[in-house]
Amino acid sequence: MNISLNWLKSYMPLDLDPEKIGEILTDIGLEVEGMEHIESIPGGLKGLVVGEVTSREKHPNADRLSLCKVNVGGEEDLQIVCGAPNVDAGQKVVVATVNTMLYPMEGDPFKIKKGKIRGETSEGMICAEDEIGLGNSHDGIMVLDKGLTPGTPAAEVFELENDVVYDIGLTPNRSDATCHIGVAKDLAAYLKVNMPDAAALDLPAIPEISPASTDLAVEVIVENEEGAPRYAGYSLDNIEVKESPDWLKNRLKAIDVRPINNVVDITNYILHEYGQPLHAFDLDHVKDHTIRVKTLKAGSKFTTLDEVERELTDEDLMICDGDSKGMCIAGVFGGMNSGVTEKTSRIFLESAHFNAKYIRRTSMGHNLRTDAAKVFEKGSDPNVVVDALKAAVKMLQELAGATVASELTDLYPNPVEPISITTNYDYVNRLIGVEIPTEEVHQILKALEMPLLSDDGETFTVAVPTNKSDVTRPADLVEEILRIYGLNRVPMPNRISSTPSFEDHPNKRQLQESTANLLAANGFSEMMALSLSESRYYREVLEKAEDELVFINNTSNVHLDIMRPDLVFSALQAVQHNQNRQQSDLKLFEFGRSYHKEGEGQFREQEHLTLTMTGRRYPESWLVKEKTDTDYYSLRSFVLLVLERLGIGGYQQTALHDDAVFTYGLKYHRGPQELVSFGRISPALQKGMELREPVFFADFNWDLLVKAAGRGKFEYQDLSKYPSTRRDLALVVDNSVKFDDIVAIARKQGKKILREINLFDVFEDAEKLGEGKKSYAVSYVFENPERTLNDKEVDQVMNKMIGVYEKQLQAQIRR
């Protein structure tokens, strides 16, 4: 929310530095997230001064130039070459001195330099209005009032209104501070308590409005009083829609509101001054001069001001005409055919208090986050409705020539009264942590416009203004007192007591963080998908029984109608989204939950870690000669990396073939407990999600991994200071022989000195090796941590190993 310092100063004199005011606003709960200095004229006319032309002569080397002497308040007159036809001795002019930066109406800014023009020295520039951003005329130089003193800054002559705008991060509970008057009241309360000499707040008086006629009376029928507890308005005639005056446009532009015309600008001005949204309807488009506040049937179509046709729900509050035809989404956005145009001459000006729940629901459902909606959904003040309306009518009379053509309409069947809160002084002091004198508590409450209803010295009762919708409990009242008292006045205790806390082992959050860092270091990007999904996926692509799905009533996005039962489609949607944007090389991981229904009223949540890979295995580079696509083994290496990092071993593996999710893959498990399943996504899923490239996916049961990691043990050993020895073997075996069989034999024979075994090549050729045969190229690394191995020891182990290979696996050793 943007707040203008000049606007605040119109209510109270503020001599404090803008930075100090920003600190105070933050202290009272209106956190200043940024502060911007606004200049009504770019550059603020810095370096421009009043000059007096003391002499003018013809330039000796140019017919159309003049050589002028100009007094700018210095010890000596400046010599300036001027090309304007209207320059003359005795004039008071605007002079840009050397090194002044000028910001013309057209073109780029430029700096004035001392130089020579046609051989004559020029020490500045006599300016026209378009050259300094004050107008569009370039007919000649600006001639000022003769009474001005040379050397006077031009910014003082033209009374420029520079401003400071605070960007306030308004929290949802601060319904009292959605406007300039609300912020001014809060600021004044703080100053009254902490700076007693500060001037009092002087707010604009609420005008009395007398109708000139009742010719344009409008009948208002509120059919939904829950949605519209108060509805008020005036009919206005003889409106002249035109451009707003500069002061009004500058006020709005300062807070980043675009001026449109005087009628719309006045409604925006009142919104930001009083925190009360208004809406102007063109009376010529209000059928039967009747307004109905109601909801329409679900599915009704309505075209909003942005020319978008929207489908309404039966909970969208609408402002309709006499035929119940929608004119405006109440408190959110206007309609296409009922707003103010250049041809408008008669309006009905609406000022209402709408139910925050209705506005929030509609605003979010239609993704219309307007300024008006943001005010209403915080809880607007129902008792400022008419005051703001009258202020707007007065401005329309002054700036648009309006005449009031109806009595005030004010439907307020159940007036909202200030609530009362009772608490005691001990509770206030205990919660704040410092003893505040009773008199100061009274002073703060008075400054906050919270009158004391009763006080017996220990307990007191106050009335809470209706603009503070969040103050409902004694604790809220204490917060209000503390805001104005000042958090910085509460002393820090000399001793802080704390209770040690112990987290369960393993620490789930730390495991997740370390695993995420591991994957990110290996080129993965973390994704965070919605916990919502579409039930059609589990009907059309991956069938799942409906009684296992957790359905929700999502009125905002009806297609997202279930909580996701797995994370597969979240991953595939991310791949689809990226592939459609020419991003086909992906390595993604996600920590998330799945949701399952296990009976009537019984639900289960499970945490997962998923890995998704597709496209190139390595980034495109001149170092990589051939394109290598991601495959099953690429994914498997990262699955093993995660398990190794968590210290998890001792699991069984089961192959997955033509699974519902995977074409092929593996499942690692401990008995019935599945740790992870991974493989290539099935063609049916790939086709159903319209994916062009193969996708490889791993789904870890994160809950089980955390439990397993807690039981895992890490062992460390010193790096060996003795050299290692490598041997290679090429074994021709049947296709049925697995590499795991070769590893098992090697480990048994190598015992303590075999450190590593690696498969570095697989060769298959029926002509050379025979039908059903393949060749494994395997390397073995031997090392003794206590001494250097000799060749005889290594050869002895290798010979035993070869003998077992030949006997048990019928292997042929290629020599």
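For every chain, the first residue of the written sequence is number 1, and numbering continues from 1 onward in sequence order. Under the rules for a predicted model, residues below a pLDDT of 70 receive no local features and side-chain atom pairs below 80 are neither given nor counted, while totals for whole chains, interfaces and linings still include all residues. To obtain the side-chain values, all non-hydrogen atoms of the structure were included, while hydrogens and water were left out.

Draft legend 1. Just the sheet that holds strand S28 (residues 459-464), in detail. The strand order across the open sheet built from 3 strands is S26-S28-S27, with neighbouring strands paired in antiparallel fashion. Looking at strand neighbours, the two that pair on one side only are strand S26 (419-424) and strand S27 (452-455), the edges of this open sheet. When strand polarity is set aside, the average angle formed by the axes of neighbouring strands in this sheet is 15°. Pairing of S26 with S28, which is carried by 6 bridges, proceeds in the antiparallel orientation. Directly across from Ile421, in S28, lies its bridge partner Val462. Along the sheet, helix H12 (residues 474-485) makes contact with S26 and S28, crossing S26 at roughly 80°. By definition, two strands form a pair when at least two bridges between them are found by DSSP. Only runs of H or I of at least four residues qualify as helices and only runs of E of at least two qualify as strands under DSSP, and these elements are numbered from the N terminus. Axis angles are defined between N-to-C directions and span 0 to 180 degrees, where every axis is a line fitted to C-alpha atoms and, for a helix, only to the segment in contact. Contact definition: two residues touch when any of their heavy atoms are within 4.5 Å.

Draft legend 2. Fine view of the environment of Asn86. Here Asn86 is to be found in the loop between strand S5 (78-82) and strand S6 (92-97). Residue Asn86 is classed as partly exposed on the basis of its relative accessible area, which comes to 30%. Taking C-alpha positions, Asn86 is 6.8 Å from Ile141, a pair spaced 55 residues apart along the chain. Leaving out residues up to four positions away in the same chain, Asn86 has contacts with Gln91, Gly140, Ile141 and Val143. Among the polar contacts made by the side chain of Asn86, one reaches the main-chain amide nitrogen of Ile141 at a distance of 3.1 Å. Using a 1.4 Å probe on the protein chains alone, a residue whose accessible area is under 20% of its type maximum counts as buried, one over 50% counts as exposed, and one in between counts as partly exposed. What qualifies as a polar contact is a pair of N or O atoms within 3.5 Å, subject to a donor-acceptor requirement within protein and to the restriction that residues adjacent in sequence count only when both atoms come from side chains.

Draft legend 3. Main features of the pairing of S27. In terms of strand pairing, S27 meets S28 through 3 bridges, oriented antiparallel. When the bridges of S28 are listed, Asp455 appears paired with Phe460. Hairpin remark: S27 followed by S28, antiparallel, with 3 residues in the connecting loop; positive phi at Gly457, about 95°.

Draft legend 4. The arrangement of empty space enclosed by the protein in detail. For cavity detection a 1 Å grid was placed over the protein atoms alone, and a set of points counts as a cavity when a 1.4 Å probe fits there but cannot get out; an open set counts as a pocket when protein lies on both sides within 12 Å along at least five of seven lines, with lining residues being those that have an atom within 4 Å of a point. Grid points are joined across faces, edges and corners, and a volume is the space filled by probe spheres set on the points. Within the structure shown, the criterion is met by 2 cavities of 30 Å³ or more. Of the volumes computed, that of the largest cavity is approximately 50 Å³. The wall of the largest cavity is formed by Pro42, Gly43, Leu45, Lys46, Leu48, Met101, Leu102, Tyr103 and Ile132. For the lining of the largest cavity, a count of residues per class yields 7 nonpolar, 1 polar and 1 charged. Residue lining of the second largest cavity: Leu530, Leu532, Ser533, Tyr538, Arg564, Asp566, Phe569, Ser570 and Gln573, and that is the complete set. For the lining of the second largest cavity, the secondary-structure elements that each account for two or more residues are strand S30 (532-533) and helix H15 (568-579). Under the scheme applied, nonpolar residues are Ala, Val, Leu, Ile, Met, Phe, Trp, Tyr, Cys and Pro; charged residues are Asp, Glu, Lys and Arg; polar residues are all the others, including Gly. Grouping the constituent residues of the lining of the second largest cavity by class yields 4 nonpolar, 3 polar and 2 charged.

Draft legend 5. The pairing of S6, seen in detail. S6 sits mainly inside the fold: 5 of its 6 residues count as buried. Pairing analysis gives 5 bridges linking strand S3 (residues 48-58) to S6, with the strands arranged antiparallel. Within S6, the residue paired with Leu48 across the bridge is Ala96. Bridging between S6 and strand S12 (residues 143-144) involves 2 bridges; their strand directions are antiparallel. Bridge pairing in S12 links Val93 to Val143. Pairing of S6 with strand S11 (residues 124-126) involves 3 bridges; the strand directions are antiparallel.

Draft legend 6. Molecular detail of the packing of helix H13 (residues 508-521) against helix H16 (residues 632-645). The interhelical angle for the contact between H13 and H16, taken along N-to-C directions, is 145°, at an axis separation of 11 Å. Like other packed secondary-structure pairs, H13 and H16 cross with a definite hand, here right-handed. Facing H13, whose interface residues are Ser514, Thr515, Leu518 and Leu519, H16 presents Leu641, Val642 and Arg645. Residue composition of the contact of H13 with H16, by class: 4 nonpolar, 2 polar and 1 charged. Helix crossings are classified by the rotation of the near helix relative to the far one: an anticlockwise turn of less than a right angle makes the crossing left-handed, while a clockwise turn makes it right-handed.

Draft legend 7. Layout of the sheet that holds strand S39 (residues 725-734). Spatial ordering of the open sheet is given by S40-S41-S39-S42, a layout of 4 strands whose pairing is antiparallel. The open sheet has two edge strands, strand S40 (754-763) and strand S42 (812-813), and neither has a second partner. On top of the sheet, helix H19 (residues 739-750) reaches S40 and strand S41 (773-782); it is set at about 150° to S40, its chief contact. Across the sheet, helix H21 (residues 791-808) lies against S39, S41 and S42, angled at about 10° from S39, the strand it touches most.

Draft legend 8. Geometry of the side chain of His353. Looking at the element boundaries, His353 is found in strand S23 (residues 347-353). A distance of 2.9 Å separates a polar atom in the side chain of His353 from a polar atom in the side chain of Ser380. Beyond its immediate stretch of four places on either side in the chain, His353 contacts Gly227, Ala228, Pro229, Arg230, Phe376, Ser380, Asp381, Pro382 and Val385.

Draft legend 9. Region of the structure containing a negative patch on the surface. Each patch is built from residues lacking any salt bridge and having more than 30% relative accessible area; the joining distance is 9 Å for like charges and 5 Å for nonpolar side chains (Val, Leu, Ile, Met, Phe, Trp, Tyr). Accessible areas in this description were obtained via Shrake-Rupley with a 1.4 Å probe; residue shielding takes into account the shown protein chains only. Whenever Lys or Arg places a side-chain nitrogen within 4 Å of a carboxyl oxygen from Asp or Glu, that contact is recorded as a salt bridge. When charges are counted, Lys and Arg are positive and Asp and Glu negative, with His and the chain ends excluded. All charge positions are set by atom: Lys at NZ, Arg at CZ, Asp at CG, Glu at CD. Together, Asp426, Glu435, Asp455, Asp456 and Glu458 make up a region of like negative charge exposed at the surface. Structurally, the position occupied by Glu435 is in the loop between helix H10 (425-432) and helix H11 (438-447). In this structure Glu435 comes out as exposed when scored by relative accessible area, which is 68%.

Draft legend 10. Molecular detail of the packing of aromatic side chains. Side-chain rings of Phe, Tyr and Trp, where Trp is taken by its six-membered ring, are said to pair if the distance between their centres is within 6.5 Å; with planes under 30 degrees apart they count as stacked, over 60 as edge-to-face, and otherwise as tilted. As enumerated under the stated definition, the model contains 16 aromatic pairs in all. With a centroid separation of 5.1 Å and 80° between ring planes, the pair formed by Tyr538 and Phe569 is classed as edge-to-face. Placement of the pair is Tyr538 in helix H14 (residues 537-541) and Phe569 in helix H15, with a sequence separation of 31 residues. No difference in accessibility class separates Tyr538 from Phe569, as the two residues are buried. Here Phe589 and Phe591 contribute two aromatic rings whose centre-to-centre distance is 6.1 Å and whose plane-to-plane angle is 85°, an arrangement assigned as edge-to-face. One aromatic cluster in this structure is built from Tyr632, Tyr633, Tyr651, Tyr664, Tyr668 and Phe678. In this analysis the charged atom, NZ for Lys or CZ for Arg, is taken to sit over a ring once it is within 6 Å of the ring centre and within 35 degrees of the ring normal. Sitting over the face of the ring of Tyr485, Arg489 holds its NZ or CZ atom 3.9 Å from the ring centroid. In this structure, Arg726 packs its charged tip against the face of Phe760, placed 5.5 Å from the ring centre.

Draft legend 11. Molecular detail of the nonpolar core. Core analysis: the biggest nonpolar cluster contains 85 residues, and Leu25 and Ile270 have the highest contact counts within it. If one sorts the elements of this core by residue count, helix H9 (residues 385-400) sits on top with 11 residues. Ignoring anything within four residues of it in the chain, the contact list for Ile270 reads Gly275, Gln276, Leu278, Ala388, Ala391, Ala392 and Met395. Core analysis: the second largest hydrophobic core is formed by 32 residues, Val222, Val286, Leu296 and Phe354 among them. Each nonpolar core is a collection of buried residues, namely Ala, Val, Leu, Ile, Met, Phe, Trp, Tyr and Cys, held together in the definition by side-chain atoms within 4.5 Å.

Draft legend 12. Quick peek at the pattern of salt bridges. Throughout the structure, instances matching the rule amount to 40 salt bridges. Two residues, Lys468 and Asp176, come together in a salt bridge whose shortest N-O distance is 2.9 Å. Taken together, the positions of Lys468 in the loop between S28 and H12 and Asp176 in the loop between strand S13 (163-168) and helix H4 (180-194) put the pair 292 residues apart, joining distant regions of the chain. Asp176 shares its class with Lys468; the two are buried. Arg604 is the salt-bridge partner of Glu598, the closest N and O atoms lying 2.5 Å from each other. Shared partners join several salt bridges into a network, and the residues in it are Arg174, Asp176, Asp186, Lys468, Glu480 and Arg483.

Draft legend 13. Spatial organisation of the side chain of His608. Looking at where His608 falls in the secondary structure, it is placed in strand S34 (residues 602-614). On the basis of relative accessible area, His608 is assigned to the buried category, the value being 6%. Engagement of the side chain of His608 in a polar contact is seen with the side chain of Ser594, the distance being 2.7 Å. Within the structure, the side chain of His608 is placed 2.8 Å from the side chain of Asp699, a separation counted as a polar contact. Apart from the residues within four sequence positions on either side, His608 is in contact with Leu567, Glu590, Phe591, Gly592, Arg593, Ser594, Asp699, Phe700 and Trp702.

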